[in-house]
Amino acid sequence: MGGGGGTGERIKLFKVMCDRVPQDLSSPSGTPDPALSSQCACATPWLPGNRPAALSARVEALTWPSSCLREWLKDLCEKNKWSHKNSPIIWRELLDRGGEGLLLGGYNEFLEYAQLYHGVTSSMTTELMKIIAQENLETHIEKELEEEARKDLINPLQVWITSASVPACYNLIPILTSGEVFGMHTEISLNLFDNKEAEENLRSVVAETQDLVAPLLQSISICTRVEDAFLQAHVVIILDDSTDREVYTLEGCIRSRLPLCRLYGYLIQKNAHDSVRVIVGGKTFVNLKTVLLMRYAPNVAHNIVAVALGVEGQAKAVLARKLRTTPSCIKNVIIWGNISGNNYIDLRKAKVYRYESAIWGPPNYSRSVLSLIFDSEWVNRQYVATLRKLTATGKQFRPILAAHSIATTLKYWYHGSPPGEIVSLGVLSEGQFGIPEGIVFSMPVKFENGTWVVLTDLTDIEISEQIMTRMTSDLIQEKLIALGDLVSFQPYQSETDLAKGYEKTTLPTTYNNQENQRVSDAVDFLDPIPQTISEKPHSQELINDSGDKTVEERQIN
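Quick look at the structure, then. From a predicted model like this one, the values you see are computed outputs, not experimental measurements. (Residues numbered from 1 in each chain as written. Predicted model: local features only at pLDDT ≥ 70, side-chain atom pairs only at ≥ 80, totals over all residues. Heavy atoms only, no water.)

### Here we look at the packing of helix α8 (residues 258-271) against helix α9 (residues 286-296)
Put simply, the rule reads: Here, axes are lines fitted to C-alpha atoms. For helices the fit covers the stretch in contact, and angles between N-to-C directions go from 0 to 180 degrees. Secondary structure elements are defined from DSSP: runs of H or I of at least 4 residues count as helices, runs of E of at least 2 residues count as strands, and each element is numbered from the N terminus. When an angle is under 35 degrees it counts as roughly parallel; over 145 it counts as roughly antiparallel; between 65 and 115 it counts as roughly perpendicular; any other value is oblique. For any helix crossing, the convention is left-handed if the near helix is rotated counterclockwise from the far helix by under a right angle, and right-handed if that rotation is clockwise. Note on contacts: a residue pair qualifies if any of its non-hydrogen atoms lie within 4.5 Å across the two residues.
The contact between α8 and α9 brings their axes to 8 Å, and the two run at 45°. When the axis of α8 is compared with that of α9, the two are oblique. With respect to the hand of their crossing, α8 and α9 are arranged in right-handed fashion. Here α8 contributes Leu258, Cys261, Arg262, Tyr264, Gly265, Tyr266 and Gln269 to the contact with α9, which in turn contributes Lys289, Leu292, Leu293 and Tyr296.

Here is the structure:
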């Protein structure tokens, strides 16, 4: 847009540098000078109409925020050995040769140059220049916003995995990179976070992940520096962690979770993206770790959840073997309470689809699970004992199941859960279903529009006070012990337990073969089984039976 010499002269570039917020850099007070910068921004629009057709030159205007211009101007002048302190600064350079260029000076020097060498003067008034400068500024800001939006589409989703050396991470990575979780058009960047001692193992995982040649995996990196953890994270997956010291008591094991959760919470709030989604999995103290993270990352507490699909999946699998069907045909099994501790496997809403029997229907036809199980003893005793045994041996939370549960929960979170299907999820209680506020409790939800909603409108799912107290007592005590507000853990014992010793309770159920029959009103809701999994010796039975220890008990001992 600028002038040049005679025919055949090399292409010249006039660069005009001014601050986006008008400010005279040479002014002692640093006060803005709108007229000067506005004129600078419009110093050349009148040149094209007066430029001879044979000349090859153009003007490029560069703008910087006032906060950055002073430092930039200093570096530019030192690099090119110029002496200039004002805004704007104008220079010319040969495009096909580069080099340091020729400094023309400020606005006045540029006008003198244009008049002497090209016979061109400006007839624009200062007021008109200000109007044009404002329009240019608005256009420039719009272009910057468009560029940021474009970069957001290009930039990958930042996924962080803690304790990345554990086997669950090894099984999780192929699922995350397949496109099944975040979508077939969403590129991701994996960040594996663990301690320094695990770095060699992490490098092996990185190498093998790169061998997958996954189209949606833009990068994979290792992080062992605590201060760099969760930088710009969009998703944080919390896996099992190991304590730095040995603990020999239940209370010590509970308290050992606090330092790491406090650190993670602080780093997530400090380094992660504002809309980060945090998902907590693992074998032990899942609810406790989740509520502690919420405490120390309050700004994103609404986006921190605990995975319950592992327990739900195992419960469905046991039912499927009994009914001789596939686990995927069983829906709406609800997990209440402590995901890795005292919980209640609720079958009152459970349905089975595509079940081969005398009654057959279309794919969307379902039958009540409880109406198909005629063996009440199996439901009340063997079913509960099977799930407890799986937990005691650690089989319920093996890596494949843990990875699949986390991936499925994330998939629902981003794309929604199947319509009409009930999903179990550990979330912060706000008093729903009579659950005390301030604890993380597994309850029925659905995922839609990128978030989850508690299904408070479900009917016939009332939980007895005894069951609720048994589940919430453990969670409340764990939280108080972790925070130092309680010294020792006291297993919950009802009046019946104290009088007769601990007695196994049973699921609320119906045992006839009529289709879709509701739970009988005669069923006593004060005694259904909430105790299918025990995180610690929370019951008298597990305290006295050293041969049937849970995963966490064996870890302590």
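Moving on from the model shown.
### A few points about the packing of aromatic side chains
Our working definition: Stacked, tilted and edge-to-face are the three classes assigned to paired rings of Phe, Tyr and Trp, where Trp is represented by its six-membered ring and a pair needs centres within 6.5 Å; plane angles under 30 degrees give stacked, over 60 edge-to-face, the rest tilted. A 1.4 Å probe rolled over the protein chains alone gives each residue an accessible area, and that area as a share of the maximum for its type sets the label: buried under 20%, exposed over 50%, partly exposed in between.
Enumeration over the complete set of coordinates arrives at eight aromatic pairs. Ring centres 5.9 Å apart and planes at 65° place the aromatic pair Trp160 and Phe230 in the edge-to-face group. Here Phe230 lies in the loop between β7 (217-223) and β8 (235-238) and Trp160 lies in strand β5 (residues 157-162), a separation of 70 residues in the sequence. Residue classification places Trp160 among the buried positions, given a relative accessible area of 4%. Look at Phe230 and you get buried, because its relative accessible area is 0%.

### Thoughts on helix α6 (residues 199-211)
How we decide: Any helix carries an expected span of 1.5 Å times its number of residues minus one. Think of it as the arc spanned by the lines of direction from the helix axis to the C-beta atoms.
For α6, spanning 13 residues, the distance from its first C-alpha to its last is 19 Å, which sits close to the expected 18 Å at 1.5 Å a residue. Three or more residues of α6 are buried, namely Glu199, Leu202, Val205, Val206 and Thr209. Within α6, the buried residues cover an arc of 110° as seen down the axis, which keeps them to one side. Residues of α6 that are exposed and point over 90 degrees away from its buried face: Glu200, Arg203 and Asp211. Each element contacted by the buried residues of α6 is listed here: α5 (167-176), β6 (188-193) and β7. Positive backbone phi, approximately 50°, marks Val213, located one or two places after α6.

### What about empty space enclosed by the protein?
To keep it simple, the criterion reads: Buried and open spaces are told apart on a 1 Å grid over the protein atoms alone, a cavity being a set of points where a 1.4 Å probe fits but cannot get out and a pocket being an open set with protein on both sides within 12 Å along at least five of seven lines. Residues with an atom within 4 Å of a point are the lining residues. Grid points are joined across faces, edges and corners, and a volume is the space filled by probe spheres set on the points.
For the structure on display, the rule yields four cavities of 30 Å³ or more. By volume, the largest cavity is sized at about 60 Å³. Lining of the largest cavity is provided by Val352, Arg354, Tyr355, Ile359, Trp360, Gly361, Pro362, Tyr365, Ser366 and Arg367. When its volume is computed, the second largest cavity comes out at roughly 50 Å³. Looking at the second largest cavity, the residues that line it are Asn287, Leu288, Val291, Ile439, Val440, Leu475, Glu478 and Lys479. Listed by contribution, the elements that provide at least two residues to the lining of the second largest cavity are α9 and α14 (465-482).

### Points about the nonpolar core
Burial of nonpolar side chains together is a common tendency in soluble globular proteins. To keep things clear, this is the line we draw: Residues enter a nonpolar core if they are buried and are Ala, Val, Leu, Ile, Met, Phe, Trp, Tyr or Cys, with the set joined through side-chain atoms within 4.5 Å.
By size, the foremost hydrophobic cluster in this structure holds 62 residues, and its most contacted members are Phe230, Val236, Leu319, Val333, Ile345 and Tyr383. In contact with Val333, other than residues within four places in its own chain, are Glu312, Ala315, Lys316, Leu319, Ile345, Asp346, Leu347, Ala350 and Ser424.

### Some thoughts on the packing of α5 against helix α13 (residues 399-415)
Where we set the bar: The nonpolar class holds Ala, Val, Leu, Ile, Met, Phe, Trp, Tyr, Cys and Pro. Asp, Glu, Lys and Arg form the charged class, and all remaining residues, Gly among them, are polar.
At their nearest, the axes of α5 and α13 sit 8 Å apart, and the two run at 40° to each other. Looking at the two axes, α5 sits oblique to α13. Like other packed secondary-structure pairs, α5 and α13 cross with a definite hand, here right-handed. On the side of α5, the interface is formed by Pro167, Ala168, Asn171, Leu172, Ile175 and Leu176, while α13 contributes Pro399, Ile400, Ala402, Ala403, His404, Ile406, Ala407 and Leu410. The residue makeup of the contact of α5 with α13, split by class, is 12 nonpolar, two polar and no charged.

### Considering the environment of Glu227
Heads up, the rule is: In protein, a polar contact requires one atom able to donate a hydrogen and another able to accept it; more generally it is a pair of N or O atoms within 3.5 Å, and residues adjacent in sequence count only if both atoms are side-chain atoms.
Note on placement: Glu227 falls in the loop between β7 and β8. The exposure class assigned to Glu227 is partly exposed, which follows from its relative accessible area of 42%. Spatially, the C-alpha atoms of Glu227 and Leu267 are 7.5 Å apart, while their sequence positions differ by 40 residues. A distance of 2.7 Å separates the side chain of Glu227 from the side chain of Arg225, its partner in a polar contact.

Shape is all these values report; function is a separate question.
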